[in-house]
Amino acid sequence: MLSEEAQRGVRNLRIDFERGGIHLYREKLDRVNMLNIEISQLCREYNENIVMDPGTVDIYPSSRIPENLYYLVKPIYRSESLITKGLSGSRDTLKKKGFRITTDPQTLASVLQFSSDDEVRKMVYIRGNSVPQANVDVLKRLISARDELAQIMGCRSYAEFSVKPNMALSPKVVMSFLLEMSKMVQAKTIEEHKLLAKFKREKCGQSDGDLRPWDEAYYMTMMKSSAYKLDSSVVGSYFSLSNCIEGLKVLVQSLFGATFQSIPLAPGESWDPQVLKLSLHHPEEGDLGYLYLDLYSRKGKYPGCAHFAIKGGRKISQTEYQLPIVALVCNFSGSQNPSAVRLNHWEVETLFHEFGHALHSLLSRTDYQHFSGTRAVLDFAEIPSNLFEYYAWDYRVLKRFARHCSTGEEIPQKLVESMQGARDMFAATDLQRQIFYALVDQTLFGEQPLPHGDISSVVAELKREHTRCEHVEGTHWETRFSHLLNYGAGYYSYLYAKCFAATIWKKLCQEDPLSPTTGFALRTKFLQHGGAREPAALLNDIVGDAIYRYYDGGIMPDISSLCDEMKLIEEYQQQVHLL
């Protein structure tokens with residue numbers, strides 16, 4: 001008799017093979033294979049275009065760029081003719097200095113945050129959201145290819161094909177969830193928008209100055225700084241990379257009674273000399289798994305931060321278990337001495353997010369590596385990573401490892417409270433932006449043809465309907481939103497998992513986040529099962545069935561914990577009362 005996990009494995013393998021078209025007639029299978037190759041090529045082309053055409057803006061004179069942005073820009077010069085006074089009327093040539101701004105996403109974000117020049121912000125915003133032009137056609141072809149693939153597979157849309165294996169089950173459930181979230185957040189975003197517009201008017205001395213898309217990040221940053229007196233260099237002084245690695249050790253020691261131990265690398269084992277190898281060791285159970293840390297940026301390296309499962313855990317025999325091996329890859333800049341590298345708090349949160357994925361893999365004890373760790377449905381696999389973000393914000397956790405680089409003093413509680421206050425100041429607007437991204441992803445890969453004709457019109461209409469930010473004619477932000485490739489109608493999973501994580505935090509972790517009791521429940525009822533059990537059963541086991549409800553055959557997360565946390569319910573009820 002097959003075990004429950006084995007039966008689930010058989011079902012999932014059949015589904016995986018059928019999603020590859022194994023059940024189709026030869027002609028259709030050949031077409032599916034051709035479409036998958038085309039989709040892969042289009043995704044590669046889309047990413048290559050982003051790298052090859054980041055866009056540039058030339059700014060003159062150089063005085064228009066603040067010194068704190070000099071490291072992001074390139075000096076340029078142009079010749080200007082001057083007519084000198086005198087009988088000859090001779091011309092002299094003057095070299096005028098300016099700066100060239102490359103409008104890649106990172107540089108664009110920094111300029112929008114820190115440039116006080118409205119016109120500079122406007123130029124870089126428009127340019128950065130209008131490249132690469134080539135991806136307008138690439139994205140159109142990608143949507144068409146994915147739609148054709150879905151139709152051959154018997155689905156009405158690629159969104160249906162993509163969401164079908166997940167907890168949500170259908171685009172109808174996903175859209176219902178996103179629209180419910182959009183409605184819930186609306187009143188708070190209106191309030192935040194009014195506050196920001198008022199702040200801009202006060203700073204500019206205007207009575208009717210509207211907020212433009214290139215204003216939002218600049219005035220948000222200024223307003224947060226004004227309200228909470230936060231200095232990023234002061235915050236960073238408590239978060240050296242070595243301190244943050246110590247924080248990861250605090251988590252596994254406190255929650256799971258385990259330690260990280262350094263292991264020497266065998267010749268040829270590492271892909272870079274700076275890679276570290278750690279074993280997650282339990283005093284009674286021995287080694288639980290192995291973690292490679294590849295933390296520093298370098299030329300040609302995978303961008304961003306990510307968790308990679310190198311080898312899944314699996315049962316080899318009744319007495320032998322294949323231990324999981326994972327890699328945590330980040331791109332922290334600066335010295336390659338971990339004590340000298342300072343992280344901003346966003347990077348700390350990202351590190352803890354990816355570490356949540358790593359723990360899911362390392363603590364997994366499934367019979368089959370097909371279910372090891374994060375090898376679960378997408379909208380479930382994102383829950384542990386979202387949950388561990390909370391640990392990066394909790395003072396009781398931070399004071400255990402965040403110490404000043406010079407004095408060794410632990411991070412002050414007042415500083416953490418200021419950081420939390422700044423985070424919450426425009427939390428509804430930030431959430432609304434994520435809802436908008438998910439709606440774009442779901443709509444573009446929904447039923448074709450698209451409701452408003454071309455892709456940019458669809459995006460513009462969704463922006464008008466679900467955000468407070470205007471659409472600038474001629475821009476096409478979606479041509480370098482690479483999550484459309486990676487997720488493909490699955491971007492909603494981040495918000496979906498965020499709701500589950502909020503409930504687990506509130507009901508299980510918040511009272512005593514580092515308690516061994518909390519850790520035991522997280523490990524035995526949740527993390528160790530990977531994708532081997534039904535997600536609904538695991539969620540029910542850990543906090544009870546109030547964490548979700550069924551809707552149209554799929555699962556809808558309870559959003560009340562997240563809404564309570566963000567103080568959204570009170571504003572929503574007031575809005576409903578006014579109606």
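As a starting point, this report considers the structure included with it.

1. A look at helix α8 (residues 216-228)
No. 1: Here α8 spans 18 Å end to end across 13 residues, near enough to the 18 Å set by a 1.5 Å rise per residue.
No. 2: Among all positions of α8, only Glu-216, Tyr-218, Tyr-219, Met-220 and Met-223 are buried.
No. 3: Buried residues along α8 sit against α3 (105-114), α4 (118-128), α7 (171-204), α15 (413-425) and α16 (427-444).
No. 4: Remark: Lys-229 follows α8 within two positions and exhibits a positive phi of approximately 50 degrees.

2. What to know about empty space enclosed by the protein
Any empty space left between the atoms is revealed when a probe the size of a water molecule rolls over them.
No. 1: A complete count under the given rule lists two cavities of 30 Å³ or more for this structure.
No. 2: Size it by volume and the largest cavity reaches roughly 70 Å³.
No. 3: Lining the largest cavity are His-193, Leu-196, Leu-211, Arg-212, Pro-213, Glu-216, Arg-468, Cys-469 and Glu-470.
No. 4: Along the lines of polarity and charge, the residues of the lining of the largest cavity split into four nonpolar, one polar and four charged.
No. 5: Looking at the second largest cavity, its volume works out to about 50 Å³.
No. 6: Taken together, Thr-189, Glu-192, His-193, Leu-196, Leu-211, Glu-216, Met-220, Phe-426, Thr-429, Gln-432 and Arg-468 form the lining of the second largest cavity.

3. Observations regarding the state of the cysteines
No. 1: Scanning all chains against the criterion turns up zero disulfides.
No. 2: In this structure Cys-563 is a free cysteine whose sulfur lies 7.1 Å from that of Cys-499, the closest cysteine sulfur available.
No. 3: Classification of Cys-563 by relative accessible area gives buried; the value is 1%.

4. What about the packing of α3 against α8?
No. 1: Contact geometry for α3 and α8: axes closest at 6 Å, N-to-C directions at 60 degrees. In terms of orientation, α3 and α8 fall into the oblique class. Where α3 crosses over α8, the handedness of that crossing is right-handed. Touching Leu-112, Gln-113 and Phe-114 of α3 are Ala-217, Tyr-218 and Thr-221, all from α8.

5. Describing the packing of aromatic side chains
No. 1: Under the criterion given, the structure shown has 27 aromatic pairs.
No. 2: Taking the centre distance of 5.9 Å and the plane angle of 25 degrees together, the rings of Phe-352 and Phe-401 count as stacked. Of this pair, Phe-352 sits in helix α11 (residues 345-362) while Phe-401 is found in the loop between α14 (395-398) and α15, placing the two residues 49 residues apart along the sequence.
No. 3: Accessibility expressed as a relative area gives 0% for Phe-352, which makes it buried.
No. 4: On the basis of an interplanar angle of 70 degrees and a centroid distance of 6.2 Å, the ring pair of Tyr-437 and Tyr-491 is categorised as edge-to-face. With Tyr-437 in helix α16 and Tyr-491 in the loop between α18 (483-486) and α19 (492-509), this residue pair connects regions lying 54 residues apart in the sequence. Of the two residues, Tyr-437 and Tyr-491, neither departs from the other in class, the shared state being buried.

What counts and what doesn't
- As a convention, each chain's residues are numbered from 1 in the sequence order in which they are written.
- Totals for whole chains, interfaces and linings use every residue, but because this is a predicted model, local features are given only for residues with pLDDT of at least 70 and side-chain atom pairs only at 80 or more, for both listing and counting.
- Hydrogens and water molecules were not included; the side-chain quantities draw on all heavy atoms of the structure.
- Each helix is a run of DSSP H or I of at least 4 residues and each strand a run of E of at least 2, with the numbering of both proceeding from the N terminus.
- Every helix has an expected span of 1.5 Å times one less than the residues it contains.
- Burial classification: accessible surface area is computed with a 1.4 Å probe over protein chains only, and a residue below 20% of its type maximum counts as buried, one above 50% as exposed, and the rest as partly exposed.
- In what follows, residue pairs with any heavy atoms lying within 4.5 Å of each other are defined as contacts.
- Cavity: a set of points on a 1 Å grid over the protein atoms alone where a 1.4 Å probe fits but cannot get out. Pocket: an open set with protein on both sides within 12 Å along at least five of seven lines, its lining residues, like those of a cavity, having an atom within 4 Å of a point.
- Grid points are joined across faces, edges and corners, and a volume is the space filled by probe spheres set on the points.
- All amino acids are sorted into three groups, where Ala, Val, Leu, Ile, Met, Phe, Trp, Tyr, Cys and Pro are nonpolar, Asp, Glu, Lys and Arg are charged, and the leftover types, Gly among them, are polar.
- Counting rule for disulfides: a pair of cysteine sulfur atoms within 2.5 Å.
- Only the contacting stretch of a helix is used when fitting its axis, a line to C-alpha atoms as for every element, and angles between N-to-C directions run 0 to 180 degrees.
- An angle below 35 degrees is read as roughly parallel, one above 145 as roughly antiparallel, one from 65 to 115 as roughly perpendicular, and any other as oblique.
- It is the rotation of the near helix from the far one that decides the hand of a crossing: anticlockwise by less than a right angle makes it left-handed, clockwise makes it right-handed.
- Pairing of aromatic rings covers Phe, Tyr and Trp, the last through its six-membered ring, and needs centres within 6.5 Å; plane angles under 30 degrees mean stacked, over 60 mean edge-to-face, and all others mean tilted.

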